[in-house]
Amino acid sequence: MWIVFSLLAALSAAVVVTLSKAGIKNVDSSLAFAIQSVLIVLVAWGVVAWQGNLPNVTAIDRRSWIFLIVAGVITCVSSLLSFRALSLGNASRVSPIDKVSLVFAIVLAAVFLKEKISWQVMLGAGLMAIGAVVIAMAKPAGE
């Protein structure tokens, strides 16, 4: 089932990139991100409330709070950088470079989470990284 959710997340991310690129044409990238962030907060807390998980907030331990807060800050930085990149470049070239995060995630998971990485995962990550570089280096159509 995780594969279905992952594919839906990937499809959603692709739609977000496309809509964000269209939306920032005449809007500062930071302002555009701030607008989306308000909606993210409202929807996220709405889902938590709808699922009945609001009381669980008090059960979160200190260490988890620290990890979640730091991850939230880094998420904001990542999104601000992504929006800036989209404002400067083509979505079809920015998005693949952004997805090189997969390679970084695999390395970080192996180092910090002690996850075992198979040769297939390493090969796939390498191919994705090469693909992102090829796309980024490609001349835009029509040049």
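Residues numbered from 1 in each chain as written. Predicted model: local features only at pLDDT ≥ 70, side-chain atom pairs only at ≥ 80, totals over all residues. Heavy atoms only, no water.

Under the annotation held in an unreviewed UniProt entry, the protein chain carries the name EamA family transporter and is attributed to Hymenobacter volaticus.

Chemist: Give a description of the UniProt feature "domain: EamA" (unreviewed entry) in the protein chain that names residues and reports values.
Modeler: Mapped onto the present numbering, the UniProt feature "domain: EamA" (unreviewed entry) falls on residues 2-136. Helix makes up 81% of residues 2-136 and strand 0%, whereas the separation of the span's terminal C-alpha atoms amounts to 29 Å. (UniProt positions renumbered as here; feature names shortened; annotations may be inferred. Helix = DSSP H or I, 4+ residues; strand = E, 2+ residues; numbered from the N terminus.)

Chemist: Tell me about unusual backbone geometry, and please be specific about residues and values.
Modeler: When glycine is set aside, most residues are seen to have a negative phi, and most peptide bonds are trans. Located in the positive-phi region is K114, a residue other than glycine, with phi close to 60°. On the secondary structure map, K114 appears in the loop between α5 (101-112) and α6 (119-137).

Chemist: Could you give me a rundown of the layout of surface pockets, with the residues and numbers involved?
Modeler: The volume enclosed by the largest pocket comes to roughly 830 Å³. Residue lining of the largest pocket: 26 residues in total, with V16, Q36, I40, T75 and S79 positioned closest to the centre. Of all elements in the fold, only α1 (2-23), α2 (29-50) and α3 (62-88) reach the threshold of two or more residues within the lining of the largest pocket. When residues of the lining of the largest pocket are assigned to their parent elements, the largest contribution, 9 residues, is made by α3. (1 Å grid on protein atoms, 1.4 Å probe; cavity = no way out; pocket = protein on both sides within 12 Å on 5 of 7 lines; lining within 4 Å. Points joined across faces, edges and corners; volume = space filled by probe spheres on them.)

Chemist: How would you sum up a nonpolar patch on the surface? Please name residues and give values.
Modeler: Judged by side-chain polarity, M1, V4, F5, L8, L11, V15 and L19 come together as a nonpolar surface patch covering roughly 750 Å² of accessible area. Considering the arrangement of structural elements, one finds L19 in helix α1. (Patch = residues over 30% accessible without salt bridge, like charges linked within 9 Å, V, L, I, M, F, W, Y side chains within 5 Å. Areas by Shrake-Rupley, 256 points an atom, 1.4 Å probe, with all protein chains shown as cover. Salt bridge = Lys/Arg side-chain N within 4 Å of Asp/Glu carboxyl O.)

Chemist: Can you tell me about the packing of helix α4 (residues 91-98) against α6, naming the residues and giving the values?
Modeler: Across the interface, α4 lies against α6 with an axial gap of 8 Å and an inter-helix angle of 155°. Overall, the two elements α4 and α6 adopt an arrangement that is roughly antiparallel. Read as a crossing pair, α4 and α6 show a hand that is left-handed. Residues S92, R93, P96 and I97 of α4 touch α6, and the partners they reach there are A132, I135, A136 and M137. For the contact of α4 with α6, a count of residues per class yields 6 nonpolar, 1 polar and 1 charged. (Axes fitted to C-alpha atoms, helices over the stretch in contact; angles between N-to-C directions. Parallel < 35°, antiparallel > 145°, perpendicular 65-115°, else oblique. Left-handed = near helix turned anticlockwise from the far one by under 90°. Contact = heavy atoms within 4.5 Å. Nonpolar A, V, L, I, M, F, W, Y, C, P; charged D, E, K, R; others polar.)

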